[in-house]
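Residue strings, one per chain:
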Protein chains: 2
Amino acid sequence: MQQTRLDTARIRMARRVIDPMFLDTPLYRCEALEPGLGCAVSIKLETANPVRSFKARGTELVASLLAGNGERAVVCASAGNLGQALAWSGRGRGLDVSVVASRFATAAKLDRIRALGAGLELVDGDHELARERAAAVARSEGIRLVEDSLDIETCEGAATIGLELVDSARQFDAVLIALGGGALATGVGHVLKSLAPEVEVICVQPLGAPALTLSWRARRVVTTDSADTIADGVAGRFPIPAVLDDLLLVADDAVLVREESIITGMRMLFDHAGLVVEPSAALGIAAILEDRDRFADRHVVTVVCGGNVDGDACRRWIGAAPL
Amino acid sequence: MQQTRLDTARIRMARRVIDPMFLDTPLYRCEALEPGLGCAVSIKLETANPVRSFKARGTELVASLLAGNGERAVVCASAGNLGQALAWSGRGRGLDVSVVASRFATAAKLDRIRALGAGLELVDGDHELARERAAAVARSEGIRLVEDSLDIETCEGAATIGLELVDSARQFDAVLIALGGGALATGVGHVLKSLAPEVEVICVQPLGAPALTLSWRARRVVTTDSADTIADGVAGRFPIPAVLDDLLLVADDAVLVREESIITGMRMLFDHAGLVVEPSAALGIAAILEDRDRFADRHVVTVVCGGNVDGDACRRWIGAAPL
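Residues numbered from 1 in each chain as written. Chains lettered and ligands numbered in written order. Predicted model: local features only at pLDDT ≥ 70, side-chain atom pairs only at ≥ 80, totals over all residues. Heavy atoms only, no water.

J.: In this structure, what is going on with the domain arrangement of chain A? I would like to understand it.
T.: Interface extent is often summarised as the accessible area lost during association of the parts. All names here are of chain A. The domains assigned to chain A are domain 1 (8-53 + 152-317) and domain 2 (56-146). Spacing between the C-alpha centres of domain 1 and domain 2 amounts to 22 Å. Taken together, the contact pairs 32 residues of domain 1 with 23 residues of domain 2. Here domain 1 meets domain 2 over a buried area of about 2200 Å², counting both sides, of which 55% is carbon and sulfur. The interface formed by domain 1 and domain 2 includes 6 salt bridges. One salt bridge connects D232 with K109, and the closest N-O pair in it is separated by 2.5 Å. Our enumeration of links across domain 1 and domain 2 arrives at 17 residue pairs in polar contact (both at pLDDT 80 or more). Here the residues of the side of domain 1 that touches domain 2 sort into 13 nonpolar, 8 polar and 11 charged. (Domains from an automatic or database assignment. Contact = heavy atoms within 4.5 Å. Buried area = accessible area lost by both parts, 1.4 Å probe. Salt bridge = Lys/Arg side-chain N within 4 Å of Asp/Glu carboxyl O. Polar contact = N/O pair within 3.5 Å; in protein donor to acceptor, adjacent residues only side chain to side chain. Nonpolar A, V, L, I, M, F, W, Y, C, P; charged D, E, K, R; others polar.)

And the structure:
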């Protein structure tokens, strides 16, 4: 494999910095899901922690580095999970955390960012406008901007999930990874392609927010004019060139799935796995549902990457009227 | 502390026998729950594994011992979780597992027992009749009867949760434990009273199935004529004397909670923690809801002991109509 921006030794070192609460998350076969999917399915569960997503693996690295350098403040744009994780990691290290988000972001995520003591600025536009605004804040205040997927720590943090999959010594045929900015896919993908190259790395994105998948297929950055999906955690439009370069080296495939498959996936995870997940975390199940033949009788891992949902939206998706 | 039937050194040894998939489960502070409860709350999550409950910690010990002794078959009575766990542990060790359950048991639990390849016999009565029938099967077939809470392995398995709480080196004021047959409470309680005696051990049972709590209060076995609760996992009527003796040594309190508090607890865990739990796993939250003053500003751990629910029943409880 050609060199990505990641380094496996550094990823192993990262495990010493990240609060153990976010490491060694559950990894288990979920047979109850299998009759409906036609393949063996294992879950890597990233939701059972104080921020209910994998993002703290990366923010622990970022915040630790900043605190070690005597920095006092940090800003990021976020659809909600990165902001929440940075707020958590920063709070414990005395950092002043600011988050910029779209005012259309999931309310439950914004509430948690505020509750964790971060400053929250909302922009009247989508996540790409929040990214612009966060960069402007960083420039004007002279503080560190954390850019998800571009900043290597966010990829290295996510990559520790890959190490845990490889170190589990269990045999998998494929790993399904939600594709948004690309930190999760390039991080986990780098480790798998380095240490277990026989495992297929499959990225999954919603049809309604396909920019990075289209870019991967075209082997050049493709942007989109809009993003329209319930999977708010992966709804970017402007892929980052350096991330695409890495993704081209580590992803075996990138597939797009329909909204109805995401909802069916969320419902299956609720009914058969007892899991509350956000739409992005159901992308892997959606990919199996849309291409059963491809996965038939194989053993697939799906990374359940986040569980931050609005309660009533979740009730609707799992087939239930709000209170 | 006077001697219980448990031994801490044996419990440490048990960790070497239990499949690591069931050990070192997530333990994390869940701040989103706290405004509604008025105290600091940490969750010990026992649902993210192939059987969605803590019971496999015990059945791993039982099945390993039986297989080591060349036994071929085993039978237990179960409300559903023990049977599922024994089916899982036995299957991996070539044991022929039979489970006796009430025909009124939670359908999702019975389905999983069958799916795991165990023989399932249903009795036309409650869990106490299933216990009688399982004992008769064991006698007539000359095979091992696993008796939950009486058999020391079931307590030792549960006790490994206590070790993980103590070994986490985090400071708690109280641990809330669902009380059914008593394995979880005496197991975790033994470890806490041995290694962290300052932590209050509080057992929680539904008002509708209070037999062991009434026994603990009376310091002698009290049986009830019926059990009426949605918390199917803890709905026993005939406490086991040896278990009560241990419980008298390790429990600081045993409280009873209303059904409506259990449902509110399930709803809070869904909305604020993103967790699907069975009613028994919400008993701890219910106990806080019913006595906020007692817990105000303290740090409480609640063991989320199981997540096997019927999907549509769960939808009703969390405030949602079935599909």
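Next comes the rest of the account.
J.: Looking at this model, I keep getting lost on the packing of aromatic side chains. Mind explaining?
T.: Aromatic ring pairs are described here by two measures, namely the spacing of the ring centres and the angle between the planes. Residue and element names in this part refer to chain A. Applying the stated criterion across every chain yields a total of 2 aromatic pairs over all chains. Between F22 and W88, the ring centres sit 4.9 Å apart and the planes meet at 85°, which makes this aromatic pair edge-to-face. One end of the pair, F22, is in the loop between α1 (8-14) and β1 (27-29); the other, W88, is in helix α4 (residues 81-91), and 66 residues separate them in sequence. Taking the relative accessible area as the measure of exposure, W88 reaches 14% and is therefore buried. (Phe/Tyr/Trp six-rings, centres within 6.5 Å; stacked < 30°, edge-to-face > 60°. Helix = DSSP H or I, 4+ residues; strand = E, 2+ residues; numbered from the N terminus. Buried < 20%, exposed > 50% of the residue type's maximum accessible area, 1.4 Å probe, protein only.)

J.: What's the story with the sheet that holds strand β3 (residues 73-77) of chain A in this structure? I'm lost.
T.: The pairing of strands in a sheet happens through backbone hydrogen bonds and is either parallel or antiparallel. Residues and elements named next belong to chain A. Taken together, the 4 strands give an open sheet; going across it, the order is β5-β4-β3-β6, and neighbouring strands pair in parallel fashion. Of all the strands in the sheet, the pair left with one neighbour each is β5 (119-123) and β6 (144-146). Pairs of neighbouring strands in the sheet enclose a mean axial angle of 25°, with direction left out of account. One ladder, built from 3 bridges, connects β3 with β6; its direction is parallel. Its bridge partner being in β6, V75 is matched across the sheet by L145. Packed on one face of the sheet, helix α5 (residues 107-115) meets β4 (96-102) and β5 and runs near 150° to β5. (Pairing = 2+ DSSP bridges. Axes fitted to C-alpha atoms, helices over the stretch in contact; angles between N-to-C directions.)

J.: Explanation requested: the interface of chain A and chain B in the structure shown.
T.: Across the contact, 34 residues belong to chain A and 34 residues belong to chain B. Summed over both sides, the interface of chain A with chain B buries roughly 2600 Å², with 55% coming from carbon and sulfur. It is E31(A), F270(A) and R315(A) that lose the most area in chain A upon contact with chain B, and together they represent 19% of the buried surface on that side. The interface formed by chain A and chain B holds 4 salt bridges in total. Two residues, D271(A) and R315(B), come together in a salt bridge whose shortest N-O distance is 3.0 Å. At the boundary of chain A and chain B, one finds 8 residue pairs in polar contact (both at pLDDT 80 or more). Sorting the residues of the side of chain A that touches chain B by element identifies β1, α4, α11 (259-273) and α14 (311-317) of chain A as the ones contributing at least two each. If you tally residues by element for the side of chain A that touches chain B, the top one is α11(A), at 5 residues. Split into classes, the residues belonging to the side of chain A that touches chain B amount to 20 nonpolar, 5 polar and 9 charged.

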